[in-house]
Amino acid sequence: MSERILIIDFGSQVTQLIARRVRESGVYSEIHPINKVSERSIRNFAPKAVILSGGPASVTDSGTPRAPDALFALGIPVLGICYGQQAMVEQLGGKVESSERREFGRAHVEVTDDCELFHGVWDKGGRQPVWMSHGDRVSEPPAGFRSVAASEGSPYAAIANDEKHFYGLQFHPEVVHTPHGGNLLRNFTHRVAGCKGDWTMARFKDVEIAKIREQVGDGRVICGLSGGVDSSVAAMLLFEAIGDRLICVFVDTGLLRLGEAEQVVEMFRGHYNIPLVHRDAAALFLRHLEGVGAPEKKRKIIGATFIDVFEEEAEKAGGADFLAQGTLYPDVIESVSFAGGPSATIKSHHNVGGLPERMSLRLVEPLRELFKDEVRELGRQLGLPETFVGRHPFPGPGLAIRIPGAITAEKLDVLRKADAIYLEEIRSAGLYDAIWQAFALLLPVRTVGVMGDARTYDYVCALRAVTSTDGMTADCYHFDNDFLARVAGRIVGEVKGINRVVYDVTSKPPATIEWE
């Protein structure tokens, strides 16, 4: 992999978006937390350029993070974003101050000069919308830098040192609220850093297959299938790499959607003829989850139970040397913030964090460097049907986190039926591909209703549907009232146990997409 961009993370909640935008332009990128970065690690990574992310700290405070000073002597392009710009300015001899006019959200910059970053995107004299989030600002750029854009609250909203290929932006080009931000980043990676943009999923597939073969050697791999896209794509990739030395174990947790277990078995056994062990562990999972209401505890129980099942099935199958998981890049980033760093752990993921010491299996995680949309594209490269790879995201813990509070077999059965009706109506209306994720939830409250002149006291079903580009932010999907009324009528009429349906219109943030 010859062309790589290193993103040094100072703790911004949107650092993932920088990596995504860079990859969308055909250049491979990785995020490394600042406390894991050194001159040696940068040299070993051998990036074509480095991007410094934003972060919640203030450059004006003592002890806040900085990039290794040696970075600026390596002769490679550097782009600083928000806190990253301020850190670069301070380290190179400029000045940063606390601003009396802070900027949060939508803002505009006046383009005061041309530079390579703006080529073909912004013209001198223009006024452009951007997204800001800062309380400090650059008050004096370092020697060799000039201002190329300014806002009302930031006279150095963009600075450039064309000779050294150093650039700084006070605004965030990685978010969708900066309309031309992706093009600015592309100019940095392609024009400034000279990247060709030839990183493709087909190339990734070939490289990853070679890596799997090197890692596994003559060993055997047991791959846990959850029924979702991630683990299925991982299994397909592994099968292409090592053939029948792969043992797929499909664990039916009892937490899947209606008919999902049967679909997975048919696809792997019937269509692709991949060795598959089908373990019905629904009773085991329900027993371990009995009476448990806390969402984090649910996730940890499910993860631990998965490991137990894998151990049993690996032993039954004659042993394995490796355990394969469908861990994705966002799973890793969301689950483990850098030690002592300011980025918050939003939620734990059951397939992140390694294996218990008692296990002799080593981990294979072929998707660990990919985002969700990249996994879908890899699935297409591997020949998985569009109806499968195009499915809405489904959480690893399954329906366990779509039933707030304690889980029972009765509640799961009720929710499966309601969810199936909801998704069926969305597909029938031709809306499935316009929605990023849609699902039903069963709330831990009962309400009074009336059916056939009789009083009922049943559960409330909540519906959720969002639009998003990456899952980092999301807005509710605006169904028309006739659609919602039709869905509610079908659910209440066809699903015994529900007498009321509500629709969640909350965006992310402040809410998350899933309820738990």
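Below, the structure is looked at part by part. Note that the structure is predicted; figures quoted are calculated from it, not measured. (Residues numbered from 1 in each chain as written. Predicted model: local features only at pLDDT ≥ 70, side-chain atom pairs only at ≥ 80, totals over all residues. Heavy atoms only, no water.)

### Some remarks on the overall build of the chain
Scanning the chain from N- to C-terminus turns up 14 helices and 18 strands. Taking 2.2 N^0.38 as the reference for a compact globule, 516 residues should give roughly 24 Å; the C-alpha atoms of the chain span a radius of gyration of 25 Å, in line with that estimate. On the principal axes, the C-alpha backbone points of the chain span a range of 75 × 65 × 40 Å. The proportion of buried residues among the 516 residues of the chain is 57%. Once local pairs closer than 6 in sequence are excluded, the contacts in the chain between residues at least 24 apart make up 74%. When the accessible surface of the chain is split by element, carbon and sulfur atoms take 48% of a total near 21,600 Å². Where the 57 positive side-chain charges of the chain centre and where its 68 negative ones centre are 1 Å apart. (Helix = DSSP H or I, 4+ residues; strand = E, 2+ residues; numbered from the N terminus. Rg over C-alpha atoms; globule rule 2.2 N^0.38 Å. Buried < 20%, exposed > 50% of the residue type's maximum accessible area, 1.4 Å probe, protein only. Contact = heavy atoms within 4.5 Å. Areas by Shrake-Rupley, 256 points an atom, 1.4 Å probe, with all protein chains shown as cover. Lys, Arg positive; Asp, Glu negative; His and termini not counted. Charge placed at Lys NZ, Arg CZ, Asp CG, Glu CD.)

### Re the pairing of strand 11 (residues 246–252)
Counting buried positions over the 7 residues of strand 11 gives 7, a clear majority of the element. Side chains L246, C248, F250 and D252 project from strand 11 onto one buried face, and the interleaved I247, V249 and V251 project onto a second face that is buried too. With helix 6 (residues 229–242) bridging strand 10 (residues 221–225) and the parallel strand 11, this β-α-β connection has right-handed handedness. The pairing of strand 11 with strand 12 (residues 276–280) spans 5 bridges and is classified as parallel. Across the sheet, the residue bridging to V249 is V277, located in strand 12. Regarding topology, helix 7 (residues 260–271) serves as the crossover connection from strand 11 to the parallel strand 12, and that connection is right-handed. (Right-handed = clockwise from strand over helix to strand, strands pointing away. Pairing = 2+ DSSP bridges.)

### Re the pattern of salt bridges
Summed over the entire model, instances satisfying the criterion amount to 35 salt bridges. Here R191 ties to E116 by a salt bridge, and the two come within 3.1 Å at their closest N and O atoms. Here the residue R191 occupies a position in helix 4 (residues 181–192), and E116 occupies one in the loop between strand 5 (95–111) and strand 6 (127–140), the gap between them amounting to 75 residues. For the salt bridge of D413 with K417, the shortest nitrogen-to-oxygen distance reads 3.3 Å. A residue pair is termed a helical-turn pair when its members lie 3 or 4 positions apart in one helix, as D413 and K417 do in helix 13 (residues 409–428) at 4 residues. Overall, the relative accessible area of 36% leaves D413 in the partly exposed class. Taken together, the shared-partner salt bridges in this structure form one network comprising E424, E425, R486, R490 and E494. (Salt bridge = Lys/Arg side-chain N within 4 Å of Asp/Glu carboxyl O.)

### Concerning the environment of D136
As for its placement among the helices and strands, D136 is situated in strand 6. Assessed through its relative accessible area of 9%, D136 is described here as buried. Between the C-alpha atoms of D136 and V221, which are 85 residues apart in sequence, the distance is 51 Å. Discounting chain neighbours no more than four positions away, the residues touching D136 are S58, V59, T60, Q86, V96, E97, S98, S99 and Q170. Polar side-chain contacts of D136 include one of 2.5 Å to the side chain of S58. (Polar contact = N/O pair within 3.5 Å; in protein donor to acceptor, adjacent residues only side chain to side chain.)

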